[in-house]
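# Coordinate analysis (summary)
Residue-level listing of the chains:
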Amino acid sequence: RVAREEAMTHLQQVRRFARQVLFDYDPLFRDLPGALPMRERLLKDASAYLDGLRPTERWPAEWRLEVAQAHANLGEILGQSQHYRELGRPEDAARHLQEAERWAKPLCLTETPTPGACAVLFDAGLRQAQSDFSQGRTAEGEARMAALRQHLAQHGGQAKADTLMQLSELQFSSASQKP
């Protein structure tokens, strides 16, 4: 029992540190002159940490959601946002957004979704659709938007307002580009 409590305390400490690295540090370094090599190393290490995690059903939903959020955040940082273009890693960004979806989907698409899981799922899917369209992969972008619409039909109340607005803008933009 004591060993289990110590292990849980240690795990909580590791999770807290990982959350700080993945969510708090990069924005602090973003505007520092000469910080790009440090940011790249930090993101490489964060990526390796996330890639090493293997979820099980025994993990609390809160932990799995944290991992989904971390993957989504890393996906944004690695190339899906105007604020981070200098890192220019669209393939790594796409991989982390796919992982965010993989972790968030079972938490969202249930009868009782985990709070926040659908927002992560919708946001990651939207970012991937935007990337698909911007890179000329129209068919993939359309398929991703269709999947998003299907998920929204079931759990639209779980989506953030800005995600819904961005999805509407993307739908309008893609429709207006069709001959």
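Residues numbered from 1 in each chain as written. Predicted model: local features only at pLDDT ≥ 70, side-chain atom pairs only at ≥ 80, totals over all residues. Heavy atoms only, no water.

## Thoughts on the state of the cysteines
If you walk through the whole model with that rule in mind, you get 1 disulfide. In this model, C108 is linked to C118 through a disulfide, with the two sulfur atoms separated by 2.0 Å. Between C108 and C118 the disulfide shows an S-S torsion of about 100°. By sign, it is right-handed. Residue C108 is located in helix α4 (residues 90-108), and its partner C118 is located in helix α5 (residues 117-134); the two are separated by 10 residues in the primary sequence. (Disulfide = S-S within 2.5 Å. Helix = DSSP H or I, 4+ residues; strand = E, 2+ residues; numbered from the N terminus.)

## Considerations on the confidence of the model for the protein chain
Residues of the protein chain with pLDDT of at least 70 account for 82%, and the chain-wide mean is 80. The least confident element of the protein chain, judged by mean pLDDT, is helix α7 (residues 161-176) at 66; the most confident is α4 at 90. (pLDDT = per-residue confidence, 0-100.)

## Points about the side chain of D132
As for its placement among the helices and strands, D132 is situated in helix α5. Here D132 falls in the buried class, since its relative accessible area comes to 4%. Apart from residues lying up to four places away in sequence, D132 is in contact with R137, T138, E140, G141 and R144. (Buried < 20%, exposed > 50% of the residue type's maximum accessible area, 1.4 Å probe, protein only. Contact = heavy atoms within 4.5 Å.)

## Re the packing of aromatic side chains
The full count for this structure, using the stated rule, is 2 aromatic pairs. Seen from their ring centres, W59 and W63 are 6.3 Å apart, and the 75° between their planes marks the pair as edge-to-face. A relative accessible area of 13% means that W63 is categorised as buried. A centroid spacing of 5.7 Å and a plane angle of 50° characterise the contact between W59 and W103, whose relative ring orientation is tilted. Placement of W59 in the loop between α2 (36-52) and α3 (61-80) and of W103 in helix α4 is noted, with a sequence separation of 44 residues between them. Among the aromatic residues, ring-to-ring pairing joins W59, W63 and W103 into one connected group. (Phe/Tyr/Trp six-rings, centres within 6.5 Å; stacked < 30°, edge-to-face > 60°.)

## So, α2
Compared with the 24 Å implied by 1.5 Å per residue over 17 residues, the 24 Å span of α2 between its first and last C-alpha is a close match. Among all positions in α2, only R39, L42, L43, A46, S47 and L50 are buried. On an axial view of α2, the arc spanned by its buried residues comes to 135°, and they lie on one face. Opposite its buried face, α2 presents the exposed residues P37, R41, K44 and G52, each directed more than 90 degrees away. (Expected span 1.5 Å × (residues − 1). Arc of directions from axis to C-beta.)

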